[in-house]
Amino acid sequence: MTNKQAAKEKIEDLRKQIELHNRNYYVLSNPDITDFEFDMMMNDLMVLEKKYPEFVTPDSPTRHVGSDIEGEKSGAFFKQFPHKYPMLSLGNTYDIGELYSFDEKIAKSTEGNYTYSCELKFDGTAICLTYVDGTLSRALTRGDGLVGDDVTENVKMIPSIPQRLKKNSGYPREFEIRGEIYMPYKAFDNLNRQKERDEEQPFANPRNAASGSLKLQDPRQVAERGLECTLYHFITDRNPFGLHSEAIANAAEWGLPVSPYARTVNGIADAVEYIKYWDTQRKSLPFATDGIVIKVNELALQKSLGFTAKFPRWATAYKFKPESALTRLYSIDYQVGRTGAVTPVANLDPVQLSGTMVKRATLHNADQMDQLDIHINDYVYVEKGGEIIPKITGVDKSKRTANAVKPVFPKNCPACGTPLVRDEDEAKYFCPNSDNCPPQRKGKFIHFCSRKAMNVNIGEATINQLYEKGYISELGDLYKLNREKLLTLDKFKEKSADNLLASLEESKKTPFGKVLFGLGIRFVGETTAKSLAKKFGNINNLAGATREELLDTEDVGEKLADSLLNYFGMSKHRRIIEEMKSEGLNFANEVNISGTASEKLKGKNIVITGIFSVPRETLKEFIESHGGKNVSSLSGKTDLLVAGEKGGGSKLKKSEKLGIKIISEEELYKITGARP
Ligand SMILES: [Zn+2]
């Protein structure tokens, strides 16, 4: 193969990878590589395209910004509007030297003096606000730079963004102001703790949490996310200001949130000083920053410098390398999770990293430990990657001493002693003793009480205590707890005991499908549990079902059928279920839920979109209780689209195209003759 051919293939490969990561990053808010890795990939592509300009195409990711707009396929929810002025991203570099080249280009283009505005680069998601007559009229995401998603209703839920500007403070009749919506570390940690409790995938970092939150379909949920905003770019048709810094200072007077950390400096050397200062100081900020933005401050000079296809020529970003810390690893714990997976966790000499004190870091699995060639007493590099618990990315072998010991991965479960197993295609070792291994048993209670199952208001620490004291051993024991027992727990007063008992009592109303999910039968997820409950009606029918009958159920495959047969084949499980039944839990579908169930929607595939007077989950359950089937995306098989307030524009359009009947929430209630 010629060099040229190889370059062409490399270019195509890089483009594919970059587009994929762009989608993970902007649309799914779930990146699987670091920013640094992404930027390096983009840099490789730019170098190759420069060398082989014949392979440059207009749709190359080097020529357009990554889009946060969801495709039709995923059922886009927000209406889209064009940006009045294109919303570009910034050129960036990890190299101070390149800042001097940036400055040289500016110097060449002007005779006059100029200054720079230096600003922290808040690590969030870009937003463009339009104010008309002092009132917030629209908020758009960056989108693809030309068209953005309309997230106005969600943005109104962010307390620091005023819906009205201060009266008579001299703002132009109509203007745009752009900035960043971000999530401070504290709100981020709270959100991820909540997600872990609910057994949902936590957000990889505060930026993804911010962009994911901004695109929630229910504005009320946005209000609970603790988002903040900082604005940094003012645009209007006839700009009354001469300096960018002046415009921002005025915006602050009008009541808009701006960064208190921005500084105007006289030359690039001072900008570099600013960078050096914040490269260390940012570690004590309560929010994430990923670099410094340097902008030409004179608006006339900005205008004459103009734009490339992707970036303004008058601004650039210096990005900080991912923050890492070096510390000593003094021991390794092998933790057994709820599913039996064994994860090695390193105990470290405490070290400060990205605003928090780090004492533990994950080593993922045995292969990872081998690859790093890690020893106890080694000095290791710790980084905050995607996960909440930081990871170890390297070992400083020059610091290795004679007392370094190579760790041995245990052959037996550290919790119960059972020999560990490893499936061929799994990176992790598992403890197969799911019925008697303490962490797996405790995990069963955590799963059973989780929000998507029985929704019992109990924390992990309480479950651990109850288990240690021997009060709970099987799931049904939860319902045998009383005040006396609960009051023996640490920090448990009458009130918390009564609250827990009330929550357990309330959980008895949980419908059969969720109870079934709560049992934690292997492979039985939330949706499968629902289908099984619907098809078999009660636990006896399900327990007595043949393999064929099971396989005949929606979402049930071979693995799942075997797992069910295995579960119900054990007399112990049948006994546990009988016990819970006698405590009053639902092991059968309720007939006629509060007299409203019907078959009026029987056989109908229904999609819902928009905001309703009741939570979406409630509406979906209502549809099911009337025989309808909830589907998530529109297709030729869809019968009805129920459109709430502010329903996604694209879904409405698509329904019209496909000839799908669109009805309102009220019309749905008319058809069923009932309300949830
Ligand atoms: Zn075990």
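On a predicted model such as this, the values are computed, not experimentally measured, just so you know. (Residues numbered from 1 in each chain as written. Predicted model: local features only at pLDDT ≥ 70, side-chain atom pairs only at ≥ 80, totals over all residues. Heavy atoms only, no water.)

Enquirer: I'd love a proper account of the coordination of the zinc ion, names of residues and values included.
Expert: Here the zinc ion is held by the protein donor atoms C413 (SG), C416 (SG), C431 (SG) and C437 (SG), which lie 2.2 to 2.4 Å from it. Considering all four donor atoms around the zinc ion, angles at the metal cover 101 to 113° and the coordination shape is tetrahedral. All donor residues of the zinc ion come from one chain, and their arrangement in sequence is C-x2-C-x14-C-x5-C. Taken together, the residues span a long stretch of sequence, with C416 in the loop between β16 (391–395) and β17 (429–430) and C431 in the loop between β17 and α12 (438–449) at a distance of 15 residues. Given the relative accessible area of 27%, C416 is considered partly exposed. (Donors = N, O, S within 2.8 Å, 3.2 Å for Na, K, Ca; no water. Tetrahedral: all angles 85-135°; square planar, octahedral: opposite > 155°, others 65-115°. Helix = DSSP H or I, 4+ residues; strand = E, 2+ residues; numbered from the N terminus. Buried < 20%, exposed > 50% of the residue type's maximum accessible area, 1.4 Å probe, protein only.)

Enquirer: Report on the packing of α12 against helix α13 (residues 460–468), specifying residues and quantitative values.
Expert: Orientation of α12 relative to α13, taken along the N-to-C sense of each, is 130°, at an axis distance of 10 Å. By the criterion of interaxial angle, the relationship of α12 to α13 is oblique. Crossing of α12 against α13: the hand is right-handed. Mapping the contact onto sequence places P438, R441, K442, F445, I446 and C449 in α12 and E460, I463, N464, Y467 and E468 in α13. (Axes fitted to C-alpha atoms, helices over the stretch in contact; angles between N-to-C directions. Parallel < 35°, antiparallel > 145°, perpendicular 65-115°, else oblique. Left-handed = near helix turned anticlockwise from the far one by under 90°. Contact = heavy atoms within 4.5 Å.)

Enquirer: Give a description of helix α9 (residues 268–281) that names residues and reports values.
Expert: The first and last C-alpha atoms of α9 sit 20 Å apart over 14 residues, in line with the 20 Å expected at 1.5 Å per residue. Considered for burial, the residues of α9 that qualify are I268, A271, V272, Y274, I275 and W278. Along the axis of α9, the buried positions cluster into a sector of 155°, meaning they face one direction only. Summarising the contacts, the buried residues of α9 are in contact with α3 (96–108), β3 (116–122), β9 (263–265), β10 (289–296) and β11 (315–319). (Expected span 1.5 Å × (residues − 1). Arc of directions from axis to C-beta.)

Enquirer: I'd like a description of the side chain of E383, backed by residues and values.
Expert: Within the secondary structure, E383 is located in strand β15 (residues 379–383). In contact with E383, not counting residues within four places along its chain, are P322, E323, S324, L353, P390, K391 and T393.

Enquirer: So, the pairing of strand β20 (residues 640–643): which residues are in play, and what are the values?
Expert: Going residue by residue along β20, you find L640 and V642 tucked away on one face and L641 and A643 tucked away on the opposite face as well. Note that β20 and strand β21 (residues 661–664) share four bridges and pair parallel. Each bridged residue has a counterpart across the sheet, and for A643 the counterpart in β21 is S664. (Pairing = 2+ DSSP bridges.)

Enquirer: Could you give an account of unusual backbone geometry, naming the residues involved and the relevant values?
Expert: A positive phi angle, near 50°, is found at D133, a position not held by glycine. Here D133 is to be found in the loop between β4 (125–132) and β5 (135–141). Classification of D133 by relative accessible area gives partly exposed; the value is 45%. In this structure, D373 takes a positive phi of about 50° despite not being glycine. For D373, the position within the fold is in the loop between α11 (366–372) and β15.

Enquirer: Talk me through the sheet that holds β4; I want residue IDs and the actual numbers.
Expert: The sheet built from four strands is open, its strands ordered β5-β4-β7-β8 with antiparallel pairing. Strands with a single pairing partner mark the edges of an open sheet, and in this sheet they are β5 and β8 (228–235). Sheet twist, expressed as the mean angle between neighbouring strand axes with direction ignored, is 30°. Sheet analysis places strand β7 (residues 174–182) next to β8, joined by seven bridges and oriented antiparallel. Following the sheet pairing, G179 is matched in β8 by L231. Running over the sheet, helix α8 (residues 244–253) touches β7 and β8 and is turned about 130° from β8.

Enquirer: With reference to specific residues and values, describe the pattern of salt bridges.
Expert: Taken as a whole and assessed by the stated rule, the structure comprises 37 salt bridges. Residues D367 and R422 are paired through a salt bridge, measuring 3.0 Å at the closest nitrogen-oxygen approach. Of the two residues, D367 sits in helix α11 while R422 sits in the loop between β16 and β17, which places them 55 residues apart along the sequence. The class of R422 is partly exposed, set by a relative accessible area of 30%. Put simply, D396 and K399 hold a salt bridge, and the shortest N to O gap is 3.9 Å. For K399, a relative accessible area of 38% gives the class partly exposed. Members of the salt-bridge network, linked through shared partners, are D373, D378, K397, R400 and K406. (Salt bridge = Lys/Arg side-chain N within 4 Å of Asp/Glu carboxyl O.)

Enquirer: Tell me what's going on with the packing of aromatic side chains, and back it up with residues and numbers.
Expert: Inspection of every chain in the model, using the stated rule, returns 24 aromatic pairs. Ring centres of Y114 and Y116 lie 5.6 Å apart, and the angle between their planes is 80°; this geometry places the pair in the edge-to-face category. Residue Y114 shares its accessibility class with Y116, and that shared class is buried. Pairing Y567 with F568 gives two aromatic rings, centres 5.2 Å apart and planes at 85°, and the pair type is edge-to-face. F568 gets classed as buried once you look at its relative accessible area, which sits at 6%. A network of ring pairs unites the aromatic residues F122, Y182, Y261, Y274, Y277, W278 and F287 as a single cluster. (Phe/Tyr/Trp six-rings, centres within 6.5 Å; stacked < 30°, edge-to-face > 60°.)

Enquirer: Give me the domain arrangement of the chain: which residues, what numbers.
Expert: Assigned domains within the chain: domain 1 (3–63), domain 2 (80–319), domain 3 (323–432), domain 4 (438–582) and domain 5 (593–672). For domain 2 and domain 4, the distance between their C-alpha centres works out to 47 Å. (Domains from an automatic or database assignment.)

Enquirer: Tell me about the nonpolar core, and please be specific about residues and values.
Expert: Counting 48 residues, the largest nonpolar core has F448, L478, L516, L519, L532 and F587 as its most contacted members. Where this core is concerned, the elements lending two or more residues are α12, α13, α15 (494–507), α16 (512–518), α17 (526–536), α18 (539–543), α20 (558–568) and α21 (571–582). No other element matches the five residues that α20 contributes to this core. With near-sequence residues (within four places) excluded, F587 lies in contact with F512, V515, L519, N538, I539, I577, M580 and K581. Counting 35 residues, the second largest nonpolar core, distinct from the first, contains F78, V151, I161 and F241. (Core = buried A, V, L, I, M, F, W, Y, C linked by side-chain atoms within 4.5 Å.)

Enquirer: Please give an account of the environment of G255 that cites residues and values.
Expert: Along the chain, the position of G255 falls in the loop between α8 and β9. When the C-alpha positions of G255 and P162 are compared, they lie 7.0 Å apart, and in sequence the two are 93 residues distant. Apart from the residues lying within four places of it in its own chain, the contact partners of G255 are P162 and K166.

Enquirer: Can you lay out the pairing of β11 for me, pointing to particular residues and giving the numbers?
Expert: Judged by how many residues are buried, β11 sits mostly within the fold: five of five residues are covered. Here β11 shows two buried faces, one formed by A315, A317 and K319 and the other by T316 and Y318. Taken together, the two bridges between strand β2 (residues 92–93) and β11 define a ladder with parallel strand orientation. Each residue of the ladder has a partner; that of N92, found in β11, is A317. Relative to β11, β10 is paired through five bridges, and the arrangement is antiparallel. Residue G291 lies in a different strand from β11, and its bridge partner there is K319.

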